[in-house]
Structures are given as C-alpha cells and as structure tokens.
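Per-entry structural report
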Amino acid sequence: MGLVVLMSYVIGAKKNQKKLGGELPVKPTKKVIMDDTEWKEKLTPEQYRILRKAGTERPYGEVYSAFKKQGSGKYACAGCDTELFSSNEKFDSKCGWPSFYDPSQAKNVKTSVDYILGYPRTEVVCAVCEGHLGHVFTGEGFDTPTDKRYCINGTVLKFVPDQPPGSEKKSHKPAAPSN
Ligand SMILES: [Zn+2]
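About the thresholds
Throughout, residues of each chain are indexed from 1 in the direction in which the sequence is written. Local features in this predicted model are restricted to residues whose pLDDT is 70 or higher, and side-chain atom pairs enter the listing and the counts only when it is 80 or higher, whereas totals over whole chains, interfaces and linings include all residues. Only when DSSP finds a minimum of two bridges between them are two strands counted as paired. The secondary structure listing takes helices from DSSP runs of H or I that are at least 4 residues long and strands from runs of E that are at least 2 residues long, numbered from the N terminus. Note on definitions: angles span 0 to 180 degrees between N-to-C directions of axes, and those axes are lines fitted to C-alpha atoms, for helices only across the stretch in contact. Within a predicted model, pLDDT stands for the predictor's per-residue confidence, ranging from 0 to 100. Once C-beta atoms are placed from the backbone, any two residues with those atoms within 7 Å are in contact.

1. Observations concerning the sheet that holds strand 4 (residues 109-114)
- The five strands are arranged 3-7-6-5-4 in an open sheet whose pairing can be described as antiparallel. Both edges of this open sheet fall to strand 3 (99-100) and strand 4, since each of them pairs with a single strand only.
- As paired strands, strand 5 (residues 121-126) and strand 6 (residues 132-138) are joined by four bridges and run antiparallel to one another. Bridging from a neighbouring strand, Thr122 pairs with Val136 of strand 6.

2. What about the sheet that holds strand 2 (residues 83-86)?
- In spatial order, the strands read 2-1-8; together these three strands make up an open sheet with antiparallel pairing. The open sheet terminates on both sides in strands that have one partner only, identified here as strand 2 and strand 8 (157-161). In this sheet, neighbouring strand axes are inclined to one another by 30° on average, regardless of whether the strands run parallel or antiparallel.
- Relative to strand 2, strand 1 (residues 73-77) is paired through three bridges, and the arrangement is antiparallel. Across the sheet, residue Lys74 finds its bridge partner in strand 2, namely Ser86.

3. Things to note about the confidence of the model for the protein
- Overall, the prediction assigns the protein a mean pLDDT of 85, with 76% of residues at 70 or greater.
- Considering only residues more than four positions removed or in separate chains, one finds that residues 6-22, a stretch of pLDDT under 50, has zero contacts.

4. Focus: the pairing of strand 1
- Pairing of strand 1 with strand 8, which is carried by five bridges, proceeds in the antiparallel orientation. The partner of Tyr75 across the bridge, within strand 8, is Phe159.
- Connecting the antiparallel pair strand 1 and strand 2 is a turn made up of five residues, with Asp81 showing a positive phi of about 65°.

Structure (structure tokens):
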C-alpha cells in the first residue's frame, strides 16, 4: 500500500519536472513570412512601398485626415492584422503623420536603427511580419507619459473601431409574424 502511494508520488514529481524544464515557452505570436509576390498580392502598391520597402507616405494626406477623425479603437498592421497601437496612446503631434506615445501591444512592435537619411533614426517595425511602420523619436518635449513619438504611416494601419457600449444589445429583432 505505502509503496504504491510512494511510487505514484515519485512519478507525479517526475512529470512535473518535465513540464517545467523540457519545453520552450510558447511564443505569443507566429511570424508571418511571405515572399515578394505574395506581399504584392495582399497589399496595395502604397502599402507595399511602405511596409516592404521602408517607404514614407506624404504628410497631411487623406489617411492622416481620416486618422485624426477616428474615435476609440485599435490599430492593426495592414500586413498581418496584428494589433500594434490603440487610440489610448494616440496624440496630436501636428507632424502630419499618425502619432502615438507608445505601442498598445509592445511585444508586436520592434525597433532598429537605420541610416537612410545619413544620420541614425530608430525604425519601427511590426514584429510579426517585419513590415516597416515608421520611426520613433524620443525627448522632443511632448507632454505625454513617455515623451516618445511613434511617427507611423497611417497607410499601413488598419483601424478597428471599439464597439460603442451597449451596441450589441441593440439587436433589431424582426417583428413576430402576425397570423
Ligand atoms: Zn505586421
């Protein structure tokens, strides 16, 4: 009797050990990898130029005007639909491009230094599809919690508006058929 209890205890302990040490931690998101042809099919030419070729949209364009009018919601990557920013971190920097003081999902946003203009700039990249989003500038004196300006091309952001509270309750049930 006692031996059986001891045996099952030992087996149980071994199982736990394996669980703790044997497996790699689960990655939060899977990488999205596509070749150039696939990207060209998925994206508009302007999105392709920005995301895949580190291009920059024209400032104060239509996308920017639309961005300024958007209410609360999330901003996802146009390349892979991963959430990157939200309206909570959006602020008006008056620079002509959508600005955020922080990503809403930090693990989905990567940075790296580029020298495209001859001086170092910190490039902002989607961590899931490696798409170019824009640049981040620090210490410009904005009155935000981080004093960072994520200067992002609105062309490569998909706006997903939040559901207004109570909107799901407003289901218009069809009137009962009268016999
Ligand atoms: Zn992406």
